[in-house]
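Examining the three-dimensional arrangement
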Amino acid sequence: MNSRILKNIKKDFLIEFRNRSAVNISFAFAGITTLSVSLAAGGAPFTPVVHAIIFWIILFFSAMSGLAHIFIREEEEKNSLFLSLYYTPEEIYLSKLIFNIVLFISISVIVTALYLFFLQVFPVYPLLFILTVISGCFAIASITTILGAIVSKAGSGSSLFTVISFPILLPVLWTAISLTSVSIDGAGVQEYRNIVFLLAFSGVIVSVSYLTFKFIWTEF
Amino acid sequence: MKSYHRFVFYFLIFAVMPGVFLRALIWTPTAEFLGESSRILYFHVPVAWISVISFITAGYHSIMILVSEKRRNEREYKAYNAAYSGIIFTLLTVITGSIWAKISWGSYWNWDPRETSIVILMLIYISYFSLYSALKENVNRMGISSVYLIIAMITMPFFVFIIPRIYPSLHPDTLINADKKIHLEAAMKLTLFTSIGVFTIFYGYIYNLMNRISSLELTMQEKTNDN
Amino acid sequence: MINIEADKIGKKFGKTSLFKNINFSLTNGDSFYITGPNGSGKSTLLQILAGIQNPTSGSIIYRSDNSIIEKEQYKHYFGFTGPQINPYEMLTSIENLKFTASESADENRLIDYLEKFDLYRHRTKAVKYYSSGMKQRLRLIHAIINDPEILMLDEPCSNLDTKGRDILYDVLDTLKKDKIIIIATNESNDINLCSKGINLEQ
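About the thresholds
Residues numbered from 1 in each chain as written. Chains lettered and ligands numbered in written order. Predicted model: local features only at pLDDT ≥ 70, side-chain atom pairs only at ≥ 80, totals over all residues. Heavy atoms only, no water. Helix = DSSP H or I, 4+ residues; strand = E, 2+ residues; numbered from the N terminus. Rg over C-alpha atoms; globule rule 2.2 N^0.38 Å. Buried < 20%, exposed > 50% of the residue type's maximum accessible area, 1.4 Å probe, protein only. Contact = heavy atoms within 4.5 Å. Areas by Shrake-Rupley, 256 points an atom, 1.4 Å probe, with all protein chains shown as cover. Lys, Arg positive; Asp, Glu negative; His and termini not counted. Charge placed at Lys NZ, Arg CZ, Asp CG, Glu CD. Buried area = accessible area lost by both parts, 1.4 Å probe. Salt bridge = Lys/Arg side-chain N within 4 Å of Asp/Glu carboxyl O. Polar contact = N/O pair within 3.5 Å; in protein donor to acceptor, adjacent residues only side chain to side chain. Nonpolar A, V, L, I, M, F, W, Y, C, P; charged D, E, K, R; others polar. Pairing = 2+ DSSP bridges. Axes fitted to C-alpha atoms, helices over the stretch in contact; angles between N-to-C directions. Parallel < 35°, antiparallel > 145°, perpendicular 65-115°, else oblique. Left-handed = near helix turned anticlockwise from the far one by under 90°. Core = buried A, V, L, I, M, F, W, Y, C linked by side-chain atoms within 4.5 Å. pLDDT = per-residue confidence, 0-100.

This next bit is on the overall build of chain A. Of regular secondary structure, chain A possesses nine helices and zero strands. Each helix and strand of chain A, ordered N terminal to C terminal, gives the series α-α-α-α-α-α-α-α-α. Since a compact globule built from 220 residues should have a radius of gyration of about 17 Å, the 18 Å found for chain A is in line with a globular shape. Across its three principal directions, the C-alpha atoms of chain A cover 55 × 35 × 30 Å. Expressed as a percentage of its 220 residues, the buried residues of chain A come to 57%. Considering only contacts within chain A whose residues lie at least 6 apart along the sequence, 85% involve residues at least 24 apart. When the accessible surface of chain A is summed, it comes to about 8,400 Å², and 72% of that surface belongs to carbon and sulfur atoms. Each charge class in chain A can be summarised by its mean position, and for the 12 positive and 11 negative side chains these summaries are 7 Å apart.

Now the structure itself:
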């Protein structure tokens, strides 16, 4: 099963690499949003909480613009039936999940670098900051994978995706924002517990998605 | 339902329930600090309780849809009806809550933990219905909506852990918090409990009615299909 | 030994009934055609047999050596092709085949099939640039590449030129002796190829 999942991931990367427009647009969106915020801020002093909020809002909308693509492409190009004839739903789910995780971590690297540089933010607890971004990305990628599959079957596109993702992403955003603001200004206790919380949340979502994916993907 | 049971049921709804309302509005003594406005307690708390019950019912039926093939049609409309009534009661909760908040604290909305959880519940319902209507063309509509509801259900316990931490600087809402019953006198407690009980039975009645209508619609549809 | 049984299959979409009370039983060596006017449900019946769609009444039973197979396992027993099955356009044919072929298939086997269907010289072009006939040949290769016991073909001759059809019938003649072949079609040549079949015209 592992080699088949790897085959699937390789195929996805190959396709996205050859037709780079979708991935490029995701990266461009992330970069442009970060730059617009820093330009609009114009050096105004933000409190750490505001920095945290804006940072995670940028990440949230970057996720909304890019992470459903991997399923929507299968539906639009009419490959989903082809795919489901040769691979089980579980294999498909895991390969899409890993793709989304890799994609979103790359997007967050870019957003983090641009944000820290242009807004001149230097986290007092860099380790906490990095761990927050990584675990937040895991959580967001896990949720958006299953919801992206759901939305691809509905055919309404990314606005529906934003609507249904928002309530479920709220705990992730709240936790990540509070952790990020602590790591930026150094006030408050370093609560690594919350990182565990984010990872636990991802774990639960991935397990449930793994079990229920076949109900979305195939007609049962 | 046997006619005896039906009589008791209707008695509870049509006689006892107005009785409870009267009692809530007139007879029960008012709370110390809030004055007359505390009477909203007897409507607000039951309605909030019922929106949570609807959510749990919808979630239960959604899980059962995915778990077993039998009686799937029945479970599909049961889940949908539970969600439908749920969103209405959630809306009522928000309205009664903000009226009370305005009177007690001077502003309609305060982002305290309870209010926030109800808003999140409402967002989940709204997303559920958006998804349901977007899936109109899809045969698998109920299955996909059920998966969404299950995922939303899973995030609820996580909300419960986070919410108290997020808005720490709010006014304490000890009187609104239904768990702190120590603030209620015996008479108020009695009214509150009977109100919750009667509202629950009322909800059961409405839900049952909705299900019976859906079941009839389903039978009618099957009959026209067979012809 | 594999056996497919269709028991009182019916399909309704909302109020309209597409077909009902379809019964047949197939085993190795049978070649079965499904025909009927446009819109009569040929593709739908084929997809129901493959487990891709569910019937509104009746059931499908697959048996392998007399033990019943679960619906999730059906895909291991058949090769399916049809207009709704589209290989990835951004990949070349050989990449697509490597993607769908089982682990035991080595590259030579893939190349053999590509040569047999006269696609070998196009193997480095992305499927996006193929003509519809070439795409159809690629679909057929996908259906037979893993040597399945059952072949389900939905309009296999669509878009094929005479040479393509010759290749296809050649392959089918070899395969029909010990496999189950099910073809949904309107072509008389396909119908003549088969040992039995049904007409969905009501």
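Right, let's talk about the interface of chain B and chain A for a bit. In this assembly, 33 residues from chain B lie in contact with 32 residues from chain A. For the pair chain B and chain A, the summed buried surface comes to about 2,700 Å²; carbon and sulfur atoms form 79% of the total. When the buried area of chain B at its contact with chain A is split by residue, Y148, I151 and F158 of chain B rank highest and sum to 20% of it. Our enumeration of links across chain B and chain A arrives at zero salt bridges. Summed over the shared surface of chain B and chain A, the result is five residue pairs in polar contact (both at pLDDT 80 or more). When residues of the side of chain B that touches chain A are assigned to their parent elements, the largest contribution, 16 residues, is made by helix 5 (residues 141–166) of chain B. Its residues placed into classes, the side of chain B that touches chain A shows 23 nonpolar, seven polar and three charged.

Attention now moves to the sheet that holds strand 4 (residues 57–64) of chain C. Residues and elements named next belong to chain C. With antiparallel pairing, four strands are arranged side by side in an open sheet as 2-1-4-5. Lying at the two open borders of the sheet, with one neighbouring strand each, are strand 2 (16–27) and strand 5 (67–68). One ladder, built from two bridges, connects strand 4 with strand 5; its direction is antiparallel. Residue R63 lies in a different strand from strand 5, and its bridge partner there is I68.

Turning next to the interface of chain C and chain A. Taken residue by residue, the interface counts 29 residues in chain C and 26 residues in chain A. Considering only the surface of chain C that becomes buried against chain A, Y88, M90 and F99 of chain C emerge as the three largest contributors, covering 30% of it. Our count for the chain C to chain A interface comes out at one salt bridge. The closest approach of N and O atoms between E95 of chain C and R18 of chain A, which form a salt bridge, is 2.8 Å. Sort the elements by how many residues they give to the side of chain C that touches chain A and helix 2 (residues 93–100) of chain C lands first, with five residues. Counted by class, the side of chain C that touches chain A contains 11 nonpolar, 10 polar and eight charged residues.

Residue and element names in this part refer to chain B. By the secondary structure assignment, S62 is in helix 2 (residues 41–67). The class for S62 is buried, based on a relative accessible area of 0%. Not counting residues within four places of it along the chain, the set of residues in contact with S62 comprises A79, S146, L149 and I150.

What follows covers the packing of helix 2 (residues 21–41) of chain A against helix 6 (residues 89–118) of chain A. Residues and elements named next belong to chain A. One can describe the packing of helix 2 onto helix 6 by two numbers: an axis separation of 9 Å at closest approach and a directional angle of 20°. In terms of orientation, helix 2 and helix 6 fall into the roughly parallel class. Where helix 2 crosses over helix 6, the handedness of that crossing is right-handed. Between helix 2 and helix 6, the contacting residues are V23, S26, F27, A30, G31, T34, L35 and S38 on the first element and L103, S106, I107, I110, V111, L114, Y115 and F118 on the second. Residues belonging to the contact of helix 2 with helix 6 are distributed by class as follows: 11 nonpolar, five polar and no charged.

Further remarks concern the nonpolar core. In terms of nonpolar packing, the biggest core is built from 152 residues, with M152 and I182 of chain C touching the most fellow members. Counting 33 residues, the second-largest nonpolar core is a separate cluster that includes F117, V127, Y130 and I141 of chain C.

With that settled, consider the pattern of salt bridges. Think of it this way: side chains of opposite charge can pair up when their charged atoms draw near. A complete count under the given rule lists 23 salt bridges over all chains for this structure. One salt bridge in this structure joins R72 of chain B and E76 of chain B, with 3.0 Å as the shortest N-O distance. Taken together, the positions of R72 of chain B and E76 of chain B, both in helix 3 (residues 72–105) and four residues apart, correspond to about one turn of that helix. One continuous salt-bridge network, built from bridges that share partners, spans K11, D12, E16, R73, E74 and K96 of chain A.

Structurally, the position occupied by G155 of chain A is in the loop between helix 7 (126–154) and helix 8 (158–185). A sequence separation of 88 residues divides G155 of chain A from L67 of chain A, and the C-alpha atoms of the two residues are 15 Å apart.

Below, the discussion takes up the confidence of the model for chain B. Residue and element names in this part refer to chain B. A residue-level look at chain B finds 82% of positions with pLDDT of 70 or above and a mean pLDDT of 80. Note on residues 174–182: pLDDT is under 50 here. Beyond four places in sequence and across chains, it has 11 contacts. Quick note on the complex model: pTM equals 0.90, ipTM equals 0.91.

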